[in-house]
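# Summary of the model geometry
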Amino acid sequence: MFNYFLKRLLQSILVMLIVGFVSFSLFNFVGDPVNNMVGQEASEETREEIREKLGLNDPVYTQFFKFVVNASNGEFGLSYELRRPVSLLISERLPATLELVLVSALIAIFFGVLFGVYTAINRDGFVSNFILITSLFGVSLPTFVIGILFIYLFSVILGILPSFGRGEVVNFGFWSTGFLTISGIKALILPSITLSLFQMTYIIRLVRAEMIEILQTDYIKFARARGINNKVINNRHALKNGLIPVITITGINIGTLIAFSIITETVFQWPGMGLLFINAVQFVDVPIMSAYLIMVAFLFVMINFIVDIAYYFIDPRIRLKEEEAIK
Amino acid sequence: MKILTKLIATMLFVTMFSPLYAATIKWSMPGDSLTLDPHAQNEGPTHMVSRQIYEGLVTRAIDMSIQPQLSTSWKTTDPETWVFNLRKDVKFQDGSLLKASDVEFSINRALTGTSDVKELINSITSVKALDNSTIEIKTKGPNPILLNQLVQIFIMSESWSKKNGCETAQDYNASQETFCSINAMGTGPFKITLREQNTRTVFERNENWWGNQSQHNIDKIELLPIKNDATRVAALLSGDIDFTNFTPAQDINRIKNSSMHKVVSAAQSRTIFFGMDQGVDELRSSNIKGKNPFKDKNVRLAFYHALDMNAIKAKIMRGLSEPAGMITFPGVQGYTKQLDKRLSFDPNLSKKLLADAGYPKGFEITLDCPNNRYINDEAICVAAVGMLAKVGIKVNLDSQPKSIHFKDLKGGLSDFYMLGWGVPTFDSHYVYSFLLKSDGSWNKSGFKNKKVDELVGTMLTETNLDKRNANIAEAWSIVQDNMPYLPLHHQVISWGTKSNVNIPIRTNNEPLFRFAKVN
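Residues numbered from 1 in each chain as written. Chains lettered and ligands numbered in written order. Predicted model: local features only at pLDDT ≥ 70, side-chain atom pairs only at ≥ 80, totals over all residues.

## Some thoughts on the environment of A:Val301
Residues and elements named next belong to chain A.
- Tracing the sequence through the fold places Val301 in helix H12 (residues 286-314).
- When the 20 C-beta atoms within 10 Å are taken as the criterion, Val301 is described as buried.
- Expressed as a C-alpha distance, the spacing of Val301 and Gly255, which sit 46 residues apart in the sequence, is 9.9 Å.
- Setting aside residues up to four positions removed in sequence, Val301 forms contacts with Ser12, Val15 and Met16. (Helix = DSSP H or I, 4+ residues; strand = E, 2+ residues; numbered from the N terminus. Buried ≥ 20, exposed ≤ 12 C-beta atoms within 10 Å, placed from the backbone. Contact = placed C-beta atoms within 7 Å.)

## Things to note about the interface of chain B and chain A
- Chain B puts 39 residues into the contact, and the matching count from chain A is 39 residues.
- Taken together, the residues of the side of chain B that touches chain A sort by class into 15 nonpolar, 16 polar and eight charged. (Nonpolar A, V, L, I, M, F, W, Y, C, P; charged D, E, K, R; others polar.)

## Section: the confidence of the model for chain B
Residue and element names in this part refer to chain B.
- Residues with a pLDDT of 70 or more make up 95% of chain B, whose mean pLDDT is 91.
- Under a pLDDT of 50 for its full length, residues 12-20 has, in the predicted model, one contact with residues more than four places off or in other chains.
- Here the predicted complex scores 0.86 on pTM and 0.84 on ipTM. (pLDDT = per-residue confidence, 0-100.)

## Looking at unusual backbone geometry
All names here are of chain B.
- In this model, Asn376 sits at a positive phi of 55°, which is unusual for a non-glycine residue.
- As for its position among the elements, Asn376 is in the loop between strand S14 (364-370) and helix H12 (377-390).
- Judged by the 21 C-beta atoms lying within 10 Å of it, Asn376 falls in the buried class.

## Description of the pairing of strand S12 (residues 261-276) of chain B
Residues and elements named next belong to chain B.
- Alignment of S12 against strand S17 (residues 485-498), held across 12 bridges, turns out to be antiparallel. Its bridge partner being in S17, Ile272 is matched across the sheet by His489.
- Sheet topology note: the S12/strand S16 (residues 416-422) ladder contains seven bridges and is antiparallel. Bridge pairing in S16 links Ile272 to Gly420. (Pairing = 2+ DSSP bridges.)

## Quick word on the sheet that holds strand S6 (residues 124-131) of chain B
Residues and elements named next belong to chain B.
- Here we have four strands laid out as an open sheet, ordered S4-S5-S7-S6, and antiparallel in their pairing. Of all the strands in the sheet, the pair left with one neighbour each is strand S4 (71-78) and S6. Strand after strand, the sheet turns through a mean of 20° between neighbouring axes, direction not considered.
- Where S4 and strand S5 (residues 81-86) come together, six bridges link them in antiparallel fashion. Looking at the pairing, Trp74 lines up with Phe84 of S5. (Axes fitted to C-alpha atoms, helices over the stretch in contact; angles between N-to-C directions.)

Right, here's the structure in full:
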């Protein structure tokens, strides 16, 4: 048990280090941050001095080593662009992204499951086909197009929802929430729907496929033969079993939602981490880029780590293999 | 109960005496000020925000002419010594009086260490407060454009800065932010009451401002940055914002068609041009080996005559550009309409010039172009590639984000490149010292001319304005004769507002809300 745990942990750390190193090598191709940091009047000497101060003249591995040492102490340095501590910037923006992702995930799961079950039960119905065809738009239209269409429809033409931003927020210590004000909730509607569409489509198709498969299995047939009513069969017997893969995949996809939020946040000027990251890329703000990438890597590694550990407890075969190895 | 009565009385009082048309302006641009520290960043949007809160000894009016601001008058006691008399009734936003020692402190702060504006005023050798309202500035040699440079130097309170631990501008590799980079306290018409960087900044009227309060009726400005062009336009059309000084060219007609909105345009203080490396012996990206075609003036002129800037204006810029014949714009000392007249668009002449230069079949070259710096930069380059192909020059386009484009350019890796140049001092010296002097830090064209170098030197020291203007004119005639850069056009900026919002447009794209009115 301990062995297995340790092995996974070491693997996770290795993955983090590799992600960090690869992203660090890539930063060399993003351009020169110093040109963005100083005015056009700045002399060559000033530029060189800054480069030296920031350690940009060091070889990649030295820069990377410094970064790892600082990062392991929770120190991500000062943003080149904003001259503020990166850890502070990220913690200021984390609530916005997490609230957006949370609401999107809930929308995606709720409507995804609802429509998935509906289309599985009422196959070839008019409404089912309508849902399936519309959901195709969800996957095939790029997020920014959907976002802009929403803004034009609901803000410019109808004038009922705000076109950008997060509305009024209420602060609780370090956490700022938009859930407690009307303008905050209104501001959340368009971006969260935009962000949820892709995941929703995904869940609809997954639930539908699982349900169709399960509805043809023997135990459902027997249940029907016993005269249990359709509602109970669909909702209790079939759906429950159909949800297992959905939960696994949705869990992993929360990470994807955070990554996808970059585009949604840009379109809606949502003051979250994605917007911070996009700005950082254009400015070549290495401290923010590296902290963000490491954070996303950490998130994915953590999710995988938890899944691995969960498998250990759920799947007896893994446990047996481990025990044999010890013998 | 008593408290309640008092409260109601206060509210009544406030309602009765507040100005009739007290207004809020919601302002948006793609980015935000990088820092509130007025000396830490020499960057457009940062100055735009600081200018509402901080003031300088002198400033530029709406028409860009130099006007007194915190000083009332100035004189030179000898060519290297300037004496400024300060306005006496100026109070900082914390109520303290402006003293000459604050000016001395601020200019020294801007001159040293981590300041990003020090290169602007590096001719200043000493600053001294003579008494409470007189300040003396000494320069290294005579400096006829000192006032132009002082426009960008904002005055801070010495006691406030020292109390909050920011005697110097924020350091690049510090581990902490400074108080002055997230707070602001100046003498200007507005003060900051809320700062959430990149999300929302609220400015409120400074009731104790020394200037003429009746020039504007703005009580509150909210700066709400919106990065995405389409979203910003949608926010304007839906009424979520009142004003943007960054209106994308492709949406101008849409905004004009709205009955609730209007768009005002003006020539911007920035000229776009192509640079050609005439310095190296062999171009890096060309198929011509052993020699550099750009060394031949005929080749440079052939490129010039092949470019149809009117077509680019009509098709790409949607009418919002002014084709240029020189690489600086109206308003700059040394600009003349005569020089700004473009040579003819004449592909046949182009071909002939190429043949005369020994390249009847043209040649191959790479054009380096930014894709997120100037208005429609990449599209302009694409069009130029097509136009040059018609005269036989095969151009490979390499368009990259500005952070890479400028890095390559600075590194001297480009044969043929796009560059734009704004002139904050509105004086030709700024163009020459960076782009045309042999050792100019942005002179990547390899243009070297002894006479020009000499004239650049005199531009900095000649205090007789007539003589100085003659020098500038002579320098321009040499440059126009050699054509080391290919002028393209002057950019045009557009400000979109709600119909009832009036903000005078300025060629440097910097709004002055102290002249804004909402009806």
